[in-house]
Amino acid sequence: MRATVIVEHGGPEVLEWREVPEPVPGPGDVLIEVTASAVNRADVMQRQGFYNPPPGDSDYPGLECSGVIIEVGANVPGLAVGDQVCALLGGGGYAERVAVPWEQVMPVPDGVSLEEAAGLPEVACTVWSNVFMAARLRRGETLLVHGGASGIGTMAVQLAKAYGSHVVATVGTHLKGAAVAQLGADEVIVYREQDFAEKVQADVILDIMGAKYLSGNIKALKTGGRLVVIGLQGGAKAELDLRTLLNKRATVHGSTLRSRPADEKGAICRGVVANVWPLISAGAVRPVIHARVPMAEAAEAHRMLDSGEHVGKVLLVR
């Protein structure tokens, strides 16, 4: 088969579409003929040499895919050859075929094409597990989403709004702000022009920046607020004034998805199917697709992400 290989660490040009060995599924795996995958920030970090896949997962980039099951392991319940599915992966989505534990496989939600479904698993599982499972966002509370125009951001805005929350999003430009407002954000802050910490008091904050935003995030939390850090685009180390944290009775929760074992990922996937898929089928939430790029041209898709001009997901399609 063919897959995108990282020939060395560096810019998008290090991604090459090559002949590689076929994946060998285990007894608890299914083999998927990939229709599409999607580009995530983690793929960019892996390309740069900062985020290797967990042991046992494919070395090829790609944390999600959609496609058709072509082989089912002996210990796989409830799935069959021919099923159209999407899947949360530890790696290997930029390929013609991928083996994945059955727990991480989900049906394609009604109303979404098989191709579009490739842009759902990573963002839906990330938002559901962090905003709703970990931070316990409730109806009427305020959610602050950093990077509101990203794939994760566009999903978080829509899901929180569908669950009856007040949603505030930070974005880099007014154009992105308009797009995020159309998705349901009640307030949009252009971070180059305004200090979010001076304008927002939030019950829950979903943060992709890490160190750079830590002090501002703590300031922006309400009493009893919950900060969930899922990215380190602004650095990994910062000072924290624990007095403020204690006085606000606030919590800081750090989280990754890729390194979790299959049973934990499976529990998240079941929660997504039960709670997110019905909202997608009803039209209250939708995948936001910025562009579709041929899978053999992954380098071009990575350039789009590097530019920071996208809104939503960039898909790699076969």
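Everything numeric in this text was worked out from a predicted model, so none of it was measured. (Residues numbered from 1 in each chain as written. Predicted model: local features only at pLDDT ≥ 70, side-chain atom pairs only at ≥ 80, totals over all residues. Heavy atoms only, no water.)

Engineer: Go over helix H1 (residues 41-48), please, and point to the residues and values.
Structural biologist: What H1 keeps buried is the set Ala42, Asp43, Val44, Gln46 and Arg47. Buried positions along H1 lie against strand E1 (2-6), strand E2 (15-19), strand E3 (29-39) and helix H10 (298-307). Following H1 by one or two positions, Gly49 adopts a phi angle in the positive range, close to 95 degrees. (Buried < 20%, exposed > 50% of the residue type's maximum accessible area, 1.4 Å probe, protein only. Helix = DSSP H or I, 4+ residues; strand = E, 2+ residues; numbered from the N terminus. Contact = heavy atoms within 4.5 Å.)

Engineer: Go over the sheet that holds strand E13 (residues 251-254), please, and point to the residues and values.
Structural biologist: Reading across from one edge, E10-E9-E8-E11-E12-E13 is the order of the 6 strands in this open sheet, with parallel pairing throughout. The sheet terminates laterally at strand E10 (187-190) and E13, the two strands that pair on one side only. Averaged over all neighbouring strand pairs, the angle between strand axes comes to 15 degrees, with direction disregarded. Sheet analysis places strand E11 (residues 202-207) next to strand E12 (residues 221-229), joined by 5 bridges and oriented parallel. When the sheet's bridge partners are listed, Asp207 is paired in E12 with Val229. Set on the sheet, helix H4 (residues 174-182) makes contact with strand E9 (166-171) and E10; between it and E9 the angle comes to about 155 degrees. (Pairing = 2+ DSSP bridges. Axes fitted to C-alpha atoms, helices over the stretch in contact; angles between N-to-C directions.)

Engineer: Lay out the environment of Thr35 in plain terms, naming residues and giving numbers.
Structural biologist: Mapped onto the fold, Thr35 is located in strand E3. On the basis of relative accessibility, which here comes to 23%, the residue Thr35 falls in the partly exposed class. Not counting residues up to four positions away in its chain, the partners in contact with Thr35 are Ser66, Gly67, Leu114, Glu115, Leu316, Val317 and Arg318.

Engineer: Break down the pairing of E11 for me, citing the residues and quoting the values.
Structural biologist: The element E11 is extensively covered by neighbouring structure, given that 6 of its 6 residues are classed as buried. With 3 bridges connecting them, strand E8 (residues 142-145) and E11 associate as parallel partners. Of the residues in E11, the one forming a bridge with Val145 is Leu206. Handedness of the E11-helix H6 (residues 214-220)-E12 crossover: right-handed. (Right-handed = clockwise from strand over helix to strand, strands pointing away.)

Engineer: Kindly report on the packing of aromatic side chains, identifying the contributing residues and their values.
Structural biologist: Each aromatic ring pair is characterised by the separation of its centres together with the angle its planes make. Scanning the entire structure with this criterion turns up 4 aromatic pairs. Taking the centre distance of 6.0 Å and the plane angle of 45 degrees together, the rings of Trp128 and Tyr163 count as tilted. Note that Trp128 is positioned in helix H2 (residues 121-134) and Tyr163 in the loop between helix H3 (151-162) and E9, a separation of 35 residues in sequence. Classification of Trp128 by relative accessible area gives buried; the value is 10%. Their ring planes at 50 degrees and their centres at 4.9 Å tell us that Phe132 and Tyr163 sit as a pair that is tilted. With Phe132 in helix H2 and Tyr163 in the loop between H3 and E9, this pair connects stretches of sequence that are 31 residues apart. A connected cluster of aromatic rings, assembled from ring pairs, spans Trp128, Phe132 and Tyr163. (Phe/Tyr/Trp six-rings, centres within 6.5 Å; stacked < 30°, edge-to-face > 60°.)

Engineer: So what about the side chain of Thr170? Which residues, and what values?
Structural biologist: Among the structural elements, Thr170 can be located in strand E9. When its relative accessible area of 1% is taken as the criterion, Thr170 is described as buried. A distance of 3.3 Å separates a polar side-chain atom of Thr170 from the backbone nitrogen of Gly147. In contact with Thr170, other than residues within four places in its own chain, are Leu144, Val145, His146, Gly147, Gly148, Ile189 and Phe196. (Polar contact = N/O pair within 3.5 Å; in protein donor to acceptor, adjacent residues only side chain to side chain.)

Engineer: An account of unusual backbone geometry is needed here, citing residue identities and associated values.
Structural biologist: Working note: non-glycine residues mostly have negative phi, and peptide bonds are mostly trans. In this structure, Arg136 takes a positive phi of about 55 degrees despite not being glycine. With respect to the element layout, Arg136 can be found in the loop between H2 and E8. Unlike most non-glycine residues, Arg249 shows phi in positive territory, near 50 degrees. According to the relative accessible area criterion, Arg249 is exposed, its value standing at 61%.

Engineer: Please provide a residue-by-residue account of the nonpolar core, values included.
Structural biologist: As a rule of thumb, soluble globular proteins bury nonpolar side chains together. Counting 47 residues, the largest nonpolar core has Cys125, Val127, Leu159, Val272, Val276 and Trp277 as the members making the most contacts within it. Residue assignment for this core shows that the elements contributing at least two residues are strand E5 (84-88), H2, E8, H3, E9, E11, helix H8 (262-275) and helix H9 (277-281). Considering every element that reaches this core, the biggest residue donor is H2, with 7 residues. In this structure Trp277 touches Cys86, Met106, Pro107, Pro109, Leu120, Ala124 and Val272, once residues within four positions along its chain are discounted. Membership of the second largest hydrophobic core comes to 23 residues, among which are Cys65, Tyr94, Met295 and Val314. (Core = buried A, V, L, I, M, F, W, Y, C linked by side-chain atoms within 4.5 Å.)

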